[in-house]
Amino acid sequence: MDSIPKTTLCNVVPCMRYRDAPAAIDWLCTTFGFTATLVVPNQDGSIAHAQLGFGSSMVMLASVVDTEYGRLLKQPQDIGQFVTQSSYLVVNDADKVYDRVREMGGQIVLDIQDEDYGGRGFTCRDPEGHVWSIGTYDPAQALSSLSSSISN
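Values in this document were obtained by computation on a predicted structure and should not be read as measured data.

S.K.: Can you walk me through the pairing of strand 4 (residues 57-63) in this structure?
M.R.: For a regular strand, side-chain orientation follows a simple rule: the groups alternate between the two sheet faces. As defined by bridge partners, strand 1 (residues 15-18) adjoins strand 4 across 4 bridges and the pair is classed as parallel. Residue pairing in the sheet places Met 16 in a bridge with Leu 61 of strand 4. Connecting strand 3 (residues 47-54) to the next strand, strand 4, in antiparallel fashion are 2 residues, including Gly 55 with a positive phi near 60 degrees.

S.K.: How do you make sense of unusual backbone geometry when you look at a structure like this?
M.R.: Note: most peptide bonds trans; most residues except glycine with negative phi. Although it is not a glycine, Gln 81 sits at a positive phi angle of roughly 70 degrees. Exposure remark for Gln 81: the relative accessible area of 31% places this residue in the partly exposed category.

S.K.: I would appreciate a short explanation of the environment of Gly 106 in the present structure.
M.R.: If you trace the backbone, Gly 106 turns up in the loop between helix 2 (94-103) and strand 6 (107-114). Overall, Gly 106 belongs to the buried group, its relative accessible area being 13%. For the pair Gly 106 and Ser 133, spaced 27 residues apart in sequence, the C-alpha separation works out to 12 Å. Contacts of Gly 106, omitting those with residues within four sequence positions, involve Trp 27, Val 101 and Arg 125.

S.K.: Help me out: how do you make sense of the nonpolar core in this one?
M.R.: When a protein is soluble and globular, its nonpolar side chains tend to lie buried together. Counting 26 residues, the largest nonpolar core has Leu 28, Phe 32, Phe 34, Leu 61, Trp 132 and Ile 134 as its most contacted members. Of all the secondary structure elements, the ones that give two or more residues to this core are strand 1, helix 1 (21-32), strand 3, strand 4, helix 2, strand 7 (120-125) and strand 8 (131-135). Not counting residues within four places of it along the chain, the set of residues in contact with Leu 28 comprises Tyr 18, Gly 33, Phe 34, Leu 52, Leu 61 and Trp 132.

S.K.: Where do I start with the sheet that holds strand 3 in this structure?
M.R.: The strands making up a sheet associate through hydrogen bonds between their backbones, and the pairing can be parallel or antiparallel. The strand order across the open sheet formed by 4 strands is 1-4-3-2, and the pairing between neighbours is mixed. A strand with exactly one partner marks an edge of an open sheet, and here the two such strands are strand 1 and strand 2 (35-41). Put simply, the sheet's adjacent strands are angled 20 degrees from each other on average, direction ignored.

S.K.: Sorry, what's going on with the pairing of strand 3 here?
M.R.: Counting buried residues in strand 3 gives 6 out of 8 residues, a clear majority hidden from the surface. Direction of pairing for strand 2 relative to strand 3: antiparallel, over a ladder of 6 bridges. Residue pairing across strands places Val 39 opposite Ala 50, the latter belonging to strand 3. Remark: 5 residues form the turn of the hairpin made by strand 2 and strand 3, two consecutive strands paired antiparallel; Gly 45 in that turn has positive phi of roughly 95 degrees. When strand 3 meets strand 4, the two strands line up antiparallel, connected through 5 bridges.

S.K.: What am I meant to see in helix 1 here?
M.R.: Because the α-helix completes a turn every 3.6 residues, residues three or four places apart line up on one side. Over its 12 residues, helix 1 runs 16 Å from end to end, which matches the ideal 16 Å to within 8%, given 1.5 Å per residue. Buried residues of helix 1: Ala 21, Ala 24, Ile 25, Trp 27, Leu 28, Thr 31 and Phe 32, and no others. Buried residues of helix 1, seen end-on, are gathered within an arc of 165 degrees and therefore sit on one face of the element. Sitting at the amino-terminal end of helix 1 is Asp 20, which places a side-chain oxygen 3.2 Å from the backbone nitrogen of Ala 23.

S.K.: Whenever I open this one, helix 2 confuses me. Can you help?
M.R.: Regarding helix 2, the residues found buried are Ala 94, Val 97, Tyr 98 and Val 101. Viewed along the axis of helix 2, the buried residues span an arc of 105 degrees, placing them on a single side of the element. Those residues of helix 2 that are exposed and aimed more than 90 degrees away from the buried face are Lys 96 and Glu 103. On its buried side, helix 2 packs onto helix 1, strand 6, strand 7 and strand 8. Near the N-terminus of helix 2, the side chain that reaches the backbone nitrogen of Asp 95, with its oxygen 3.1 Å away, is that of Asp 93. With its phi angle positive at about 85 degrees, Gly 105 sits one or two positions after the end of helix 2.

About the cut-offs
- Residues numbered from 1 in each chain as written.
- Predicted model: local features only at pLDDT ≥ 70, side-chain atom pairs only at ≥ 80, totals over all residues.
- Heavy atoms only, no water.
- Pairing = 2+ DSSP bridges.
- Helix = DSSP H or I, 4+ residues; strand = E, 2+ residues; numbered from the N terminus.
- Buried < 20%, exposed > 50% of the residue type's maximum accessible area, 1.4 Å probe, protein only.
- Contact = heavy atoms within 4.5 Å.
- Core = buried A, V, L, I, M, F, W, Y, C linked by side-chain atoms within 4.5 Å.
- Axes fitted to C-alpha atoms, helices over the stretch in contact; angles between N-to-C directions.
- Expected span 1.5 Å × (residues − 1).
- Arc of directions from axis to C-beta.
- Polar contact = N/O pair within 3.5 Å; in protein donor to acceptor, adjacent residues only side chain to side chain.

Shape is all these values report; function is a separate question.
Laid out in structure tokens, this is it:
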């Protein structure tokens, strides 16, 4: 059987919409340490497409628009601040990012703590209400360690 995932650097890419995508790009880069690798603006100043790099991963985002695809998505403000998914960022220093989130006006929703399964992390909302979890737990490293212990 052929492999379904393409052999590439990043196979799962969260795609997000923001009412003020330019401000979201600035906030995500300043606060979390993303790098804007591609930003395609519309003539009205909204964002048609943006790619923000984070280590070997990325997110794609754009402005909220009334299109066939856009109507499939709701913003947290539209649904009582709920979200149906979130992203997890693996970082070197969760405490440093935690402090930066607080300084930049992000809302901490689950305070920083040491996790029973390893690592240290917290969960926050960005200025438009999207939920992000940030921590030092690296699931890929944990899987690699588990695989090597099984094969030994």
